[in-house]
Amino acid sequence: KGDYLLDLIREYLDLARMEGGSLRLNATPIPLVAEVLEPSIDIIQPQMQDRGMRLERIYPQSPDPITCDPSLLKIVVVNLLGNAVKYGQEGGLIRLRYDHLPYSFVVSVWNEGPGFAAEERSRLFRKFSRLQAPELKARKGTGVGLYTAWRIAHIHGGRMDATSKHGSWAEFRIEVPQPLPGVTGE
């Protein structure tokens with residue numbers, strides 16, 4: 001399918017930029033919902049509709065601007081939403097949550113679906129690593145997307161994490177400190 005090939009190309013280009021050292025943080029204050037979250041949803045919406053999935057958004061009422069590299073953060077959010085569609089339950093729910101905390105912001109993507117076993121968690125953010133559960137291996141993937149997202153979180157001075165109830169749901173989250181470490185002018 002064409003979407004799969006485009007995703008594959010995008011993931012490998014992102015990885016090549018990171019591995020080649022050309023991935024630089026271009027941090028700027030932005031409204032996260034308007035510049036990262038909603039454009040990421042627009043990219044993934046057709047795949048979500050193809051699988052009959054519902055999206056629930058949980059955003060703060062009137063969040064302050066946050067400082068990040070919007071193009072890099074969009075790579076993360078598109079990857080997390082894309083995985084939620086790919087590995088989630090057909091017709092299931094996807095929840096995109098954004099929390100603006102006093103010293104950080106958190107974006108999480110939760111989906112109904114097979115999730116992953118606790119013993120597989122350590123493999124999630126490794127380059128070229130894929131989970132071994134049969135229901136997950138059957139879906140096309142490169143093992144590059146979550147590694148790229150993890151690297152982008154670390155470039156921001158942040159972290160990524162994942163939790164799951166095997167057979168029921170999975171949630172992936174990125175937390176980015178505010179102000180960003182080493183970035184002045186906030």
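See above for the structure.
None of the values given here were measured: they were computed from a predicted structure.

**Student:** Got a sec to walk through the sheet that holds strand β7 (residues 169–177)? Specific residues and values, please.
**Tutor:** In spatial order, the strands read β2-β4-β5-β7-β6; together these five strands make up an open sheet with mixed pairing. Each edge of the open sheet carries a strand with a single partner, namely β2 (54–58) and β6 (159–165). The sheet shows a mean angle of 15° between the axes of neighbouring strands, direction not considered. Across seven bridges, the pairing between β6 and β7 is antiparallel. Looking at β7, one finds that M160 is bridged to I174.

**Student:** Go over the pattern of salt bridges with me, naming the residues and quoting the values.
**Tutor:** Scanning the model with the defined rule gives five salt bridges in all. In this structure, the salt-bridge partner of R95 is E56, at a minimum N-O distance of 3.3 Å. One end of the pair, R95, is in strand β4 (residues 93–100); the other, E56, is in strand β2, with 39 residues separating them in the sequence. Note that R97 is salt-bridged to D99, the shortest N-O span being 2.8 Å. Note on D99: relative accessible area 22%, which makes it partly exposed.

**Student:** Give a detailed account of the pairing of β7, specifying residues and quantitative values.
**Tutor:** Sheet faces and side chains relate simply in a regular strand, where the side chains alternate between the two faces. Where strand β5 (residues 104–112) and β7 come together, nine bridges link them in antiparallel fashion. By the bridge assignment for β7, V109 is matched with F172. Linking β6 back to β7 in an antiparallel pair, the connection comprises three residues, with G167 at a positive phi of about 90°.

**Student:** How would you explain the nonpolar core if you had to name every residue and give the values?
**Tutor:** Core analysis: the largest hydrophobic core is formed by 40 residues, its most contacted members being L32, L37, I94, F105, V107, F172 and I174. Top element by residues in this core is helix α3 (residues 70–87). It accounts for 10 residues. Once you skip the residues sitting within four places of it in the chain, F172 turns out to touch L80, V107, S108, V109, F116, L124, F125, L146, D161 and A162.

**Student:** Lay out the side chain of N111 with the relevant residues and their values.
**Tutor:** Locating N111 in the fold gives a position in strand β5. Setting aside its immediate chain neighbours within four residues, N111 contacts A84, Y87, G88, L93, I94, S168, W169 and A170.

**Student:** Break down α3 for me, with residues and values.
**Tutor:** If you check α3, its first and last C-alpha atoms are 25 Å apart, about what 18 residues at 1.5 Å a residue would give, namely 26 Å. Where burial is concerned, most of α3 is hidden: 15 out of the 18 residues are buried.

**Student:** Tell me about the packing of aromatic side chains, and name the residues and values.
**Tutor:** Under the defined criterion, the tally for this structure stands at three aromatic pairs. A centroid spacing of 6.0 Å and a plane angle of 50° characterise the contact between F116 and F172, whose relative ring orientation is tilted. Residue F116 is located in the loop between β5 and α4 (134–137), and its partner F172 is located in strand β7; the two are separated by 56 residues in the primary sequence. A relative accessible area of 12% places F172 in the buried class. Centroid distance Y147 to W150: 6.1 Å. Interplanar angle 25°. Geometry classified as stacked. Within this pair, Y147 and its partner W150 are both found in helix α5 (residues 145–155), separated by three residues, close to a single helical turn. A residue is classified by how much of its surface remains accessible, and Y147, at 10% relative accessible area, is buried.

**Student:** Just give me the short version of the packing of α3 against α5, but keep the residues and values in it.
**Tutor:** Closest axis-to-axis distance for the α3/α5 pair is 9 Å, and the angle between their directions is 145°. Our pair here, α3 against α5, has a crossing hand that is left-handed. Taken together, the residues of α5 that come into contact with α3 (itself represented by L72, L73, I75, V76, N79, L80 and N83) are G145, L146, T148, A149 and I152. Residues belonging to the contact of α3 with α5 are distributed by class as follows: eight nonpolar, four polar and no charged.

About the cut-offs
Residues numbered from 1 in each chain as written. Predicted model: local features only at pLDDT ≥ 70, side-chain atom pairs only at ≥ 80, totals over all residues. Heavy atoms only, no water. Pairing = 2+ DSSP bridges. Helix = DSSP H or I, 4+ residues; strand = E, 2+ residues; numbered from the N terminus. Axes fitted to C-alpha atoms, helices over the stretch in contact; angles between N-to-C directions. Salt bridge = Lys/Arg side-chain N within 4 Å of Asp/Glu carboxyl O. Buried < 20%, exposed > 50% of the residue type's maximum accessible area, 1.4 Å probe, protein only. Core = buried A, V, L, I, M, F, W, Y, C linked by side-chain atoms within 4.5 Å. Contact = heavy atoms within 4.5 Å. Expected span 1.5 Å × (residues − 1). Phe/Tyr/Trp six-rings, centres within 6.5 Å; stacked < 30°, edge-to-face > 60°. Left-handed = near helix turned anticlockwise from the far one by under 90°. Nonpolar A, V, L, I, M, F, W, Y, C, P; charged D, E, K, R; others polar.

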